[in-house]
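Okay, here's what each chain looks like letter by letter:
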Amino acid sequence: MLKEGVNRLRGQVRIRVECAFPERVLNVCAARDLAFWDLEWESAEAFSCRLSRADCRVLRRCAEKLDCRITVLRREGAPYFLRRFRCRPALVTGLVGCVLALFLGSFFVWDFQVTGNETVPTERILRALEQQGVGLGSFGFSLDGEEIRNYVLLEIPELSWIAVNVSGCRAMVQVRERIIPPEPVNEKAPTNVVARRAGLVLEMRALNGVACVLKGASVAEGQLLISGVSDTGTFGARMLPGMGSVRARTWYSLTTKIPLTAVEKRYTGEKKTAVSLILGKRRVKFFANSSIEAGKYDKITKRTPWRLFGVPLPVTWVTETCRFYETQPVTRDRLQAERLGEQILTEQLAAAVSPYGAIRSTLCSARERNGVLEVTLTAECVEEIGKTVPIYTEETAGA
């Protein structure tokens with residue numbers, strides 16, 4: 001593979017040799033140290049092979065004494081390819097300029113790839129890097145990794161580590177997000193555990209303090225479940241940090257209204273397309289007026305980065321398509337509106353219950369009033385209802 005690349009780079013010739021005694025030609029090649037390959041016998045008096053340009057010229061001079069005929073079948077390689085542009089200096093200049101620009105552009109950063117971030121947006125990381133001077137067109141060898149790391153970690157405290165590795169035209173940004181430790185519990189501060197919402201107690205676990213309700217009791221919102229005040233019986237009361245777990249059955253009733261008359265959009269078939277070219281940070285528009293006629297439309301933007309032999313270029317082709325539509329009133333089906341309302345209420349219920357427990361059962365009902373469908377979702381859940389609240393004493397009030 002390497003020899004083939006070298007031969008094509010310096011140029012090679014495919015020839016046909018016709019001679020009454022072709023073995024003489026092969027003996028001359030061996031005596032003159034002329035390298036040939038890809039030998040194919042076409043007949044007893046003719047064969048074809050490949051030689052380099054210089055060896056082909058030597059063989060032609062020797063063939064005059066051997067009474068043989070040499071025919072060039074094909075010329076291959078870079079010298080013959082570049083010879084075609086002898087009469088086209090502008091094309092040669094453009095080709096050389098393109099290669100030179102590609103070579104020089106490989107020392108600058110034209111593409112970013114951010115990995116390792118889950119909660120911190122990629123745009124925020126790139127904005128912090130740009131404030132430090134690391135953006136499109138930055139010289140790759142001038143980037144100071146330690147200085148960049150110190151600045152970005154101060155700018156984005158949610159990150160614990162960042163590294164910028166430049167490979168050609170691409171900057172690989174690797175980050176690690178900081179793991180926020182939970183807030184420590186002050187075991188010396190007196191607290192009570194009260195009901196976050198009403199329910200039927202299924203399980204009571206008092207880790208510290210005095211349990212004020214029993215299993216099977218119904219509690220109201222704000223009712224005391226675990227008291228941090230313990231009666232010693234002889235020396236008064238003792239203040240404790242009330243802690244524990246109280247699981248209970250809870251009930252929810254959520255309601256939403258879905259209008260049975262809605263507005264639907266329908267596309268008219270009219271489109272307007274505007275194209276532009278982004279060179280680095282500058283945008284070149286290929287349309288006279290960027291304003292769009294009055295009307296309602298959906299705008300679809302498609303960005304196509306350009307690459308040359310897999311190397312990213314600082315060029316992006318942008319196509320913006322505007323699809324115009326008209327709105328018209330439509331009547332919703334009752335069943336469809338009821339399903340939509342149930343979906344909305346189920347998502348709302350899941351967001352409220354998921355941090356504390358799980359949904360056990362749901363029941364959905366609906367009734368129509370004045371063109372509006374009122375959907376009600378009733379649910380039974382099992383969740384943690386205990387909430388810790390501080391006990392304010394005279395010392396606390398004075399502090």
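Residues numbered from 1 in each chain as written. Predicted model: local features only at pLDDT ≥ 70, side-chain atom pairs only at ≥ 80, totals over all residues. Heavy atoms only, no water.

Caption draft 1: The arrangement of the side chain of Ser52 in detail. Within the secondary structure layout, Ser52 lies in strand E3 (residues 46-52). Look at Ser52 and you get buried, because its relative accessible area is 6%. A distance of 3.2 Å separates a polar atom in the side chain of Ser52 from a polar atom in the side chain of Asp55. What Ser52 contacts, discounting residues up to four positions off in sequence, is Arg10, Gly11, Gln12 and Trp37. (Helix = DSSP H or I, 4+ residues; strand = E, 2+ residues; numbered from the N terminus. Buried < 20%, exposed > 50% of the residue type's maximum accessible area, 1.4 Å probe, protein only. Polar contact = N/O pair within 3.5 Å; in protein donor to acceptor, adjacent residues only side chain to side chain. Contact = heavy atoms within 4.5 Å.)

Caption draft 2: Main features of the side chain of Glu380. For Glu380, the location among the structural elements is in strand E21 (residues 372-384). Reaching out from Glu380, the side chain makes a polar contact with the side chain of Arg249 at a distance of 2.8 Å. In this view, Glu380 contacts Arg249, Thr250, Trp251, Ile359, Arg360 and Ser361; residues no more than four positions away in its chain are not counted.

Caption draft 3: Fine view of the packing of aromatic side chains. Within the structure shown, the criterion is met by 4 aromatic pairs. Judged by centre distance (5.6 Å) and plane angle (55°), the rings of Tyr297 and Phe324 are tilted. Here Phe324 lies in strand E19 (residues 311-331) and Tyr297 lies in strand E18 (residues 296-308), a separation of 27 residues in the sequence. A ring pair is formed by Trp306 and Trp317, whose centres lie 6.4 Å apart and whose planes are at 15°; its orientation type is stacked. With Trp306 in strand E18 and Trp317 in strand E19, this residue pair connects regions lying 11 residues apart in the sequence. (Phe/Tyr/Trp six-rings, centres within 6.5 Å; stacked < 30°, edge-to-face > 60°.)

Caption draft 4: Quick peek at the sheet that holds strand E7 (residues 170-177). An order of E5-E7-E6 is seen for the 3 strands of this open sheet, with the pairing classed as mixed. The open sheet is flanked by strand E5 (111-115) and strand E6 (159-167), the only strands paired with a single partner. The mean inter-strand angle of the sheet, taken between neighbouring strand axes irrespective of direction, is 15°. Relative to E7, E5 runs parallel, the two sharing 5 bridges. Bridge pairing in E7 links Thr115 to Gln174. (Pairing = 2+ DSSP bridges. Axes fitted to C-alpha atoms, helices over the stretch in contact; angles between N-to-C directions.)

Caption draft 5: Structural context of the nonpolar core. Judged by nonpolar contacts, the single largest core of 20 residues is most densely connected at Ile15, Val17, Val25, Phe47, Leu59, Cys68 and Ile70. At the level of elements, strand E1 (12-18), helix H2 (22-31), E3 and helix H3 (53-63) are the ones that each hand at least two residues to this core. Other than its neighbours up to four places away in sequence, Val17 contacts Val25, Glu45, Ala46, Phe47, Arg69 and Ile70. Residues Val109, Val134, Ile162 and Val175 belong to the second largest nonpolar core, which totals 16 residues. (Core = buried A, V, L, I, M, F, W, Y, C linked by side-chain atoms within 4.5 Å.)

Caption draft 6: Expanded view of helix H6 (residues 122-131). Within H6, the full set of buried residues consists of Ile125, Ala128 and Leu129. One side of H6 holds all its buried residues, which, seen down the axis, span an arc of 100°. Close packing links the buried residues of H6 with E5, helix H7 (145-155), E6 and E7. Phi for Gly133, located one or two positions after H6, is positive at around 95°. (Arc of directions from axis to C-beta.)

Caption draft 7: Just the layout of surface pockets, in detail. In this structure, the largest pocket occupies an estimated 250 Å³ of space. Contributing to the lining of the largest pocket are 14 residues, with Trp110, Leu136, Pro305, Leu313 and Thr316 lying nearest its centre. Listed by contribution, the elements that provide at least two residues to the lining of the largest pocket are E18 and E19. Considering each element in turn, the lining of the largest pocket owes the most residues, 5 residues, to E19. Among the residues forming the lining of the largest pocket, the class breakdown is 9 nonpolar, 2 polar and 3 charged. A volume near 150 Å³ is recorded for the second largest pocket. Looking at the second largest pocket, it is lined by 12 residues, and the ones nearest its centre are Val193, Gly242, Met243, Gly244 and Thr388. Mapped onto the lining of the second largest pocket, the elements with two or more residues apiece are strand E8 (191-195), strand E15 (243-259) and strand E22 (386-390). Here the lining of the second largest pocket takes 3 residues from E22, the largest share from any one element. Residues belonging to the lining of the second largest pocket are distributed by class as follows: 4 nonpolar, 6 polar and 2 charged. (1 Å grid on protein atoms, 1.4 Å probe; cavity = no way out; pocket = protein on both sides within 12 Å on 5 of 7 lines; lining within 4 Å. Points joined across faces, edges and corners; volume = space filled by probe spheres on them. Nonpolar A, V, L, I, M, F, W, Y, C, P; charged D, E, K, R; others polar.)

Caption draft 8: Main features of the pattern of salt bridges. Scanning the model with the defined rule gives 18 salt bridges in all. Where Arg334 meets Glu368, a salt bridge forms, and the shortest distance between an N and an O atom there is 3.6 Å. A residue pair is termed long-range when its members are at least 10 positions apart, and Arg334 in helix H8 (residues 334-353) and Glu368 in strand E20 (residues 357-369) qualify at 34 residues. The class of Arg334 is partly exposed, set by a relative accessible area of 36%. Residue class for Glu368 comes out partly exposed when judged on its relative accessible area of 45%. Between Arg360 and Glu380 there is a salt bridge whose closest N-O contact spans 3.6 Å. (Salt bridge = Lys/Arg side-chain N within 4 Å of Asp/Glu carboxyl O.)

Caption draft 9: Inspection of the sheet that holds strand E9 (residues 199-208) at higher detail. Strand order in the open sheet made by the 5 strands is E11-E9-E15-E21-E20, with antiparallel pairing throughout. Every other strand in the sheet has two partners, leaving strand E11 (218-219) and E20 as the edge strands with one partner each. Each of E15, E20 and E21 touches H8; the most contacted strand, E21, lies at about 30° to it.

Caption draft 10: Structural view of a nonpolar patch on the surface. A cluster of nonpolar side chains, contributed by Phe81, Leu82, Leu95 and Val99, occupies part of the molecular surface with about 360 Å² of accessible area. For the nonpolar patch, the elements supplying multiple residues, two or more each, are helix H4 (78-83) and helix H5 (89-105). One can find Phe81 in helix H4. On the accessibility criterion, Phe81 (39% relative accessible area) is partly exposed. (Patch = residues over 30% accessible without salt bridge, like charges linked within 9 Å, V, L, I, M, F, W, Y side chains within 5 Å. Areas by Shrake-Rupley, 256 points an atom, 1.4 Å probe, with all protein chains shown as cover.)

Scope: geometric values only; no functional claims are made or implied.
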